[in-house]
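# Working through the structure, step by step
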Amino acid sequence: MTFTVRPGGLDAIESALTRLAARADNLLPAMDEIGSQMLQRTQRRFEEQQGPDGSDWPALSPVTVKRRGDAGPILRISGDLYRSVSYRPGRDHVELGTNWPYARALQLGILRGASGRTRRGGPIPWGTIPPRPFLGISDDDGADVLDIIQHYLEGA
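So, here's what we can say about the structure. (Residues numbered from 1 in each chain as written. Predicted model: local features only at pLDDT ≥ 70, side-chain atom pairs only at ≥ 80, totals over all residues. Heavy atoms only, no water.)

Within this model, the largest pocket holds a volume of roughly 830 Å³. Every residue lining the largest pocket is counted, 28 residues in all, and those nearest its centre are Thr-64, Leu-75, Leu-106, Trp-126 and Ile-129. Mapped by element, the contributors of at least two residues to the lining of the largest pocket are helix 3 (62-68), helix 4 (80-84) and helix 5 (103-108). A total of 3 residues in the lining of the largest pocket trace back to one element, the largest contributor, which is helix 3. (1 Å grid on protein atoms, 1.4 Å probe; cavity = no way out; pocket = protein on both sides within 12 Å on 5 of 7 lines; lining within 4 Å. Points joined across faces, edges and corners; volume = space filled by probe spheres on them. Helix = DSSP H or I, 4+ residues; strand = E, 2+ residues; numbered from the N terminus.)

Encoded structure:
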């Protein structure tokens, strides 16, 4: 799963990347720096339990808290999803995402029973999971990406 952003939200970044591609022989260092920065920002979202837009993730339901035994950190009880987020830089792009099986449901939310039924007839998932976006680009993230690109444009 990779993140998506609102249409037109990346025009300035795409334009800067195009200029960078035209001026630089090897963009891998810039893409690696962008990926590293975005990974750190994504990890911070987990720690702050906030989406890219700065809004707090919905609290755990009382039923979930009762099943788990405590409220604990949202989306980090096992740490599997948190650890699975990674980036892969290329010559002219960088990918940030996760291959964790339930990431899409947690990023976008999913309705109770939307994934079918158990052998006993119970809904999958057993309750509605609200969206808790962790992947995406905030305005601050975009500004940082533009700063990194500008740095490489000046040095190219």
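Once you've had a look at it, read on.
Moving on, we get to helix 2 (residues 28-48). In this model, helix 2 (21 residues) spans 30 Å end to end at C-alpha, consistent with the 30 Å of a helix rising 1.5 Å per residue. Taken together, the buried positions of helix 2 are occupied by Ala-30, Met-31, Ile-34, Gly-35, Met-38, Leu-39, Arg-41, Thr-42, Arg-45 and Phe-46. Down the axis of helix 2, the sector holding all buried residues measures 165 degrees, keeping them to one side. The first or second residue beyond helix 2 is Gln-49, which carries a positive phi of 55 degrees. (Expected span 1.5 Å × (residues − 1). Buried < 20%, exposed > 50% of the residue type's maximum accessible area, 1.4 Å probe, protein only. Arc of directions from axis to C-beta.)

Per the counting criterion, the structure on display carries 4 aromatic pairs. Here the aromatic rings of Phe-46 and Phe-134 are separated by 5.2 Å at their centres, their planes lie at 40 degrees, and the arrangement is tilted. Here Phe-46 is found in helix 2, whereas its partner Phe-134 is found in the loop between helix 5 and helix 6 (139-155), with 88 residues between them in sequence. The class for Phe-46 is buried, based on a relative accessible area of 1%. What makes Phe-134 buried here is its relative accessible area of 0%. Residues Trp-100 and Tyr-102 carry aromatic rings whose centres are separated by 5.3 Å and whose planes lie at 75 degrees to one another, so their mutual orientation is edge-to-face. Its relative accessible area of 23% is what places Trp-100 among the partly exposed residues. Sitting above the plane of the Trp-126 ring, Arg-67 keeps its charged end 4.0 Å from the centroid. (Phe/Tyr/Trp six-rings, centres within 6.5 Å; stacked < 30°, edge-to-face > 60°. Lys NZ or Arg CZ within 6 Å of the ring centre and 35° of its normal.)

Attention now moves to the environment of Leu-75. Examined against the element boundaries, Leu-75 turns out to sit in the loop between helix 3 and helix 4. Leu-75 sits in the buried class, given a relative accessible area of 16%. Sequence separation between Leu-75 and Gly-113 is 38 residues; the distance between their C-alpha atoms is 20 Å. Setting aside residues up to four positions removed in sequence, Leu-75 forms contacts with Phe-46, Trp-57, Leu-81, Leu-106, Arg-132 and Phe-134. (Contact = heavy atoms within 4.5 Å.)

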